[in-house]
Amino acid sequence: MSEDEYIQLIRHGWPSEGCPSDRLLAMAQEAAELYPLSSELQCLRGDLLRLLPSADDAILQEAIRCYRRALAVDPNSIEALEELGSCYDIL
């Protein structure tokens, strides 16, 4: 599956309410591992992690790692910068 196909599928499966499904989280992790140079996939995974109702410090730290990877690929990613700041505010 291509990077764009993963992005489309993740966006299509985005939870309108509540938390993401285990399947969607697994897909986001798989996509982020297959395409580590995709700032967008890294951000999507971080965003999904933050939607988990059990988003404790460990999960927030993983989301932070996602946003940092996104910034390593694209230092001008506004989404990654905003979400990273938001995570730090929560912690």
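The structure we're discussing is the one just above.
Residues numbered from 1 in each chain as written. Predicted model: local features only at pLDDT ≥ 70, side-chain atom pairs only at ≥ 80, totals over all residues. Heavy atoms only, no water.

A. Structural context of the environment of Trp-14. In this structure, Trp-14 sits in the loop between α1 (3-12) and α2 (22-34). For the pair Trp-14 and Leu-44, spaced 30 residues apart in the sequence, the C-alpha separation amounts to 9.7 Å. For Trp-14, the residues in contact, after removing those within four places along its chain, are Leu-24, Leu-44, Asp-47, Leu-48 and Leu-51. (Helix = DSSP H or I, 4+ residues; strand = E, 2+ residues; numbered from the N terminus. Contact = heavy atoms within 4.5 Å.)

B. Molecular detail of the pattern of salt bridges. Taken as a whole, this structure holds five salt bridges when the rule is applied. Between Glu-83 and Arg-50 there is a salt bridge, and its shortest N-O distance comes to 2.4 Å. Remark: Arg-50 occurs in helix α3 (residues 39-51) and Glu-83 occurs in helix α5 (residues 78-90); sequence separation between them is 33 residues. What makes Arg-50 partly exposed here is its relative accessible area of 22%. Connected through shared salt-bridge partners, Arg-45, Glu-62, Arg-65 and Arg-69 make up one network. (Salt bridge = Lys/Arg side-chain N within 4 Å of Asp/Glu carboxyl O. Buried < 20%, exposed > 50% of the residue type's maximum accessible area, 1.4 Å probe, protein only.)

C. Spatial organisation of the packing of α1 against α2. Two elements in contact, α1 and α2, have axes separated by 10 Å at closest approach and are oriented at 160 degrees. Our classification of the angle between α1 and α2 gives roughly antiparallel. The way α1 lies across α2 gives a crossing that is left-handed. Residues Tyr-6, Leu-9 and Ile-10 of α1 form the contact with α2, whose participating residues are Leu-24, Met-27, Ala-28, Glu-30, Ala-31 and Leu-34. For the contact of α1 with α2, the per-class residue count stands at eight nonpolar, no polar and one charged. (Axes fitted to C-alpha atoms, helices over the stretch in contact; angles between N-to-C directions. Parallel < 35°, antiparallel > 145°, perpendicular 65-115°, else oblique. Left-handed = near helix turned anticlockwise from the far one by under 90°. Nonpolar A, V, L, I, M, F, W, Y, C, P; charged D, E, K, R; others polar.)

D. Fine view of α5. In this model, α5 (13 residues) spans 19 Å end to end at C-alpha, consistent with the 18 Å of a helix rising 1.5 Å per residue. Buried within α5 we find Ala-80, Leu-84 and Cys-87. Projection of α5 onto a plane perpendicular to its axis shows the buried side chains occupying an angular sector of 60 degrees, all on one side. For α5, the exposed residues lying more than 90 degrees away from the buried face are Ile-78, Glu-82 and Asp-89. (Expected span 1.5 Å × (residues − 1). Arc of directions from axis to C-beta.)

E. Region of interest: the side chain of Asp-47. When you line up the elements, Asp-47 lands in helix α3. In this structure, Asp-47 is buried with no salt-bridge partner, the nearest side chain bearing the opposite charge being Arg-50 at 5.3 Å. A distance of 2.6 Å separates polar atoms of two side chains, one belonging to Asp-47 and the other to Tyr-67. Apart from residues no more than four positions distant in its own chain, Asp-47 is found in contact with Trp-14, Tyr-67, Glu-79 and Glu-83. (Lys, Arg positive; Asp, Glu negative; His and termini not counted. Polar contact = N/O pair within 3.5 Å; in protein donor to acceptor, adjacent residues only side chain to side chain.)

F. Just α1, in detail. Regarding α1, the residues found buried are Tyr-6, Ile-7 and Ile-10. Taken around the axis of α1, the buried residues stretch over an arc of 100 degrees, which confines them to a single face. Exposed residues on α1 whose side chains face more than 90 degrees from its buried face are Asp-4, Gln-8 and His-12. Next to the buried residues of α1 lie α2 and α3.

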